[in-house]
Amino acid sequence: QVQLVESGGGLVQAGGSLRLSCAASGSFFSSNPMGWYRQAPGKQRELVARIDSDGTTIIANAVKGRFTISRDNAKNTVYLQMNSLKPEDTAVYSCWTVLPGISYWGKGTLVTVSS
């Protein structure tokens, strides 16, 4: 019912910046919360950030002060601005939203931070 398509991943040097985008389509409304998760090889998936329809945000401690989440409801798009990137930020970043009873995930975009 909902499709999520991420973009913006790539290779960046430590200390650099990237901006990820996620566009939602289908049975999606501006009332849906949206967020970003990440998973590195051999590690568990973890929440990076989420944002509700009213702008309330949750930011993971590991990225607080460096990453910012925002959304443009007119475009059904959520963004993740990543600054001061570190090698430990290397992971597949996946977009997420939830409707009653089910979560939806994008296919993910790879972010690689080199030393």
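All values derive from a computational prediction rather than experimental measurement.

In this structure, what is going on with the sheet that holds strand 1 (residues 2-7)? I would like to understand it.
Sheets are built from strands that pair by backbone hydrogen bonding, the pairs being arranged parallel or antiparallel. Pairing in this open sheet of four strands is antiparallel, and the strands run 1-3-8-7 from one edge to the other. Unpaired on one side and paired on the other, strand 1 and strand 7 (67-72) mark the two borders of the sheet. Across the sheet, the mean angle from the axis of one strand to that of its neighbour is 15°, orientation sign disregarded.

Looking at this model, I keep getting lost on the pairing of strand 1. Mind explaining?
Two faces belong to every sheet, and in a regular strand the side chains alternate between them. Burial along strand 1 is one-sided: Val2, Leu4 and Glu6 are buried, and none of Gln3, Val5 and Ser7, which face the opposite way, are. In this sheet, strand 3 (residues 18-26) lies alongside strand 1 in antiparallel orientation, the contact comprising six bridges. Paired with Leu4 across the two strands is Ala24, which belongs to strand 3.

Explain the side chain of Arg38 to me, please; I cannot follow it from the model alone.
Along the chain, Arg38 turns up in strand 4 (residues 34-39). For Arg38, a relative accessible area of 7% puts it in the buried group. Here Asp89 takes part through its side chain, which lies 3.0 Å from a polar atom of the side chain of Arg38. At a separation of 2.9 Å, a polar atom in the side chain of Arg38 contacts the side chain of Tyr93. Among residues more than four places away in sequence, those in contact with Arg38 are Gln44, Arg45, Glu46, Val48, Ala62, Val63, Phe67, Glu88, Asp89, Ala91, Val92 and Tyr93.

I would appreciate a short explanation of the state of the cysteines in the present structure.
In protein structure, a disulfide is the covalent linkage between the sulfur atoms of two cysteines. Per the stated rule, a full pass over the model turns up one disulfide. Sulfur-sulfur distance for the disulfide between Cys22 and Cys95 comes to 2.0 Å. Across the disulfide from Cys22 to Cys95, rotation about the S-S bond amounts to roughly -85°, and the bridge is consequently left-handed. With Cys22 in strand 3 and Cys95 in strand 9 (residues 91-99), this pair connects stretches of sequence that are 73 residues apart. Per residue, the accessibility class of Cys22 equals that of Cys95, and both read buried.

How each quantity is defined
- Residues numbered from 1 in each chain as written.
- Predicted model: local features only at pLDDT ≥ 70, side-chain atom pairs only at ≥ 80, totals over all residues.
- Heavy atoms only, no water.
- Pairing = 2+ DSSP bridges.
- Helix = DSSP H or I, 4+ residues; strand = E, 2+ residues; numbered from the N terminus.
- Axes fitted to C-alpha atoms, helices over the stretch in contact; angles between N-to-C directions.
- Buried < 20%, exposed > 50% of the residue type's maximum accessible area, 1.4 Å probe, protein only.
- Polar contact = N/O pair within 3.5 Å; in protein donor to acceptor, adjacent residues only side chain to side chain.
- Contact = heavy atoms within 4.5 Å.
- Disulfide = S-S within 2.5 Å.

Function cannot be read off these values alone, since they describe shape.
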